[in-house]
Amino acid sequence: MIKKIFILIIFVFLSQFFLNNIYTVEPDEILKNQEQEQRARKISKNIRCMICQNQSIDESDATLAKDLRILIREKIKDGYNDDEIYKFLTERYSDFILLKPPLKLNTLLLWILPFVFFTIGIFLIFFHNKKSRKI
Amino acid sequence: MKKQLLIIPTLIFLFIFITFFYLLLIDRNPTDIPSNLLNKNVPEFETESLFKKEKFISSEEFGEEIILVNFFATWCKPCRDEHVYIKRFSDEKKIRVIGINYKDNNKKTIQWLKNLGDPYSDVPIDKNGRIAIDWGVYGIPETFVVNKKGIIKYRHVGPVNKKNFKKLNSLIEKIKQ
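Residues numbered from 1 in each chain as written. Chains lettered and ligands numbered in written order. Predicted model: local features only at pLDDT ≥ 70, side-chain atom pairs only at ≥ 80, totals over all residues. Heavy atoms only, no water.

Caption draft 1: Local environment of the pairing of strand β6 (residues 142–146) of chain B. Residue and element names in this part refer to chain B. A large share of β6 lies buried, amounting to 5 of its 5 residues. Every second residue of β6 is oriented toward a common face, with Glu142, Phe144 and Val146 on one face and Thr143 and Val145 on the other, all of them buried. Where strand β3 (residues 67–72) and β6 come together, 5 bridges link them in antiparallel fashion. Opposite Asn70, over in β6, you have Thr143 as the bridge partner. Where β6 lies against strand β7 (residues 152–157), 5 bridges are found, and the strand directions are antiparallel. Note that in β7 the partner of Val145 across the bridge is Tyr154. (Buried < 20%, exposed > 50% of the residue type's maximum accessible area, 1.4 Å probe, protein only. Helix = DSSP H or I, 4+ residues; strand = E, 2+ residues; numbered from the N terminus. Pairing = 2+ DSSP bridges.)

Given below as structure tokens:
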């Protein structure tokens, strides 16, 4: 029984590993230049699919995601650098298109609050333990 | 001290509760992403026109009157649903409407407009979806209100229906003033 459960766990972990490596880039999209293709893949992983929202365009098979993947590759071939490509996309779709929101005044709370809550949590545990020890 | 400390999580909980409650109450569409092109000039583009021989050149079209720009396609069911309201803008409100035909078949579009009526003063063709990307479109139908100076003042995502037709109308009236 334990052996079966162990095999099942291994299977789940392995399938998760392979699923994470699945991407939807179609063969005709792939650039011949390996270095350029790697750049395109890296950028695509940071760009949100605006239709599916919690997937990157690298993983999404939505038509807009495909259009954006092709566009990124065309920009790379045209000699654009990464920053210029990100700028091109955010000018049209705002920072929302970036899967990782940039640190700006309007996203400050988003970045700071986890640390604030973490500090409060540590503070509460510390005082609770101190009090318990006294009892 | 312990009682005092208990106030902190209670306050945090209340803050989160009030925030979520407020977001539930206000009239908003959580899937609606604000356009980054608001208060900016319309993107410049040149493309074929469905009915005219001359090319559609955006810089020659915008900047004289209020124009509604509607991204549509015949394969898009919500576009069919909203078509009656798009027609009302041009027929009743006498607003110029430009319909950008997104990734579609020309013959089918001509037939579609024959059957349902053609509210568009011009139909520029967006064969590969690049014009839509320049407008920040992520799902058709989408409708933009462009003012007399050629500046985008509003973006509506999704089909225009009875409810948001009124909203769009009052917004256009405001822009007119």
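Caption draft 2: Looking closely at the state of the cysteines. Residues and elements named next belong to chain A. In this structure the tally under the stated criterion is 2 disulfides over all chains. Paired by a disulfide, Cys49 and Cys52 hold their sulfur atoms 2.4 Å apart. Between Cys49 and Cys52, the S-S torsion sits near 70°, and that sign places the bridge as right-handed. For Cys49, a relative accessible area of 1% puts it in the buried group. (Disulfide = S-S within 2.5 Å.)

Caption draft 3: The interface of chain B and chain A, seen in detail. Listed per partner, the contact involves 21 residues of chain B and 24 residues of chain A. Taken together, both faces of the contact between chain B and chain A bury some 1,900 Å²; the carbon and sulfur share is 64%. Among the residues of chain B in contact with chain A, Arg130, Ile133 and Tyr138 of chain B are the three that bury the most area, contributing 30% of the side total. In this structure, Asp134 of chain B and Arg92 of chain A form a salt bridge, with 2.7 Å as the shortest nitrogen-oxygen distance. Across the contact surface, chain B and chain A share 6 residue pairs in polar contact (both at pLDDT 80 or more). Elements that contribute at least two residues to the side of chain B that touches chain A include exactly α1 (2–25) and α5 (130–134) of chain B. For the side of chain B that touches chain A, the leading source of residues is α1 of chain B, giving 5 residues. (Contact = heavy atoms within 4.5 Å. Buried area = accessible area lost by both parts, 1.4 Å probe. Salt bridge = Lys/Arg side-chain N within 4 Å of Asp/Glu carboxyl O. Polar contact = N/O pair within 3.5 Å; in protein donor to acceptor, adjacent residues only side chain to side chain.)

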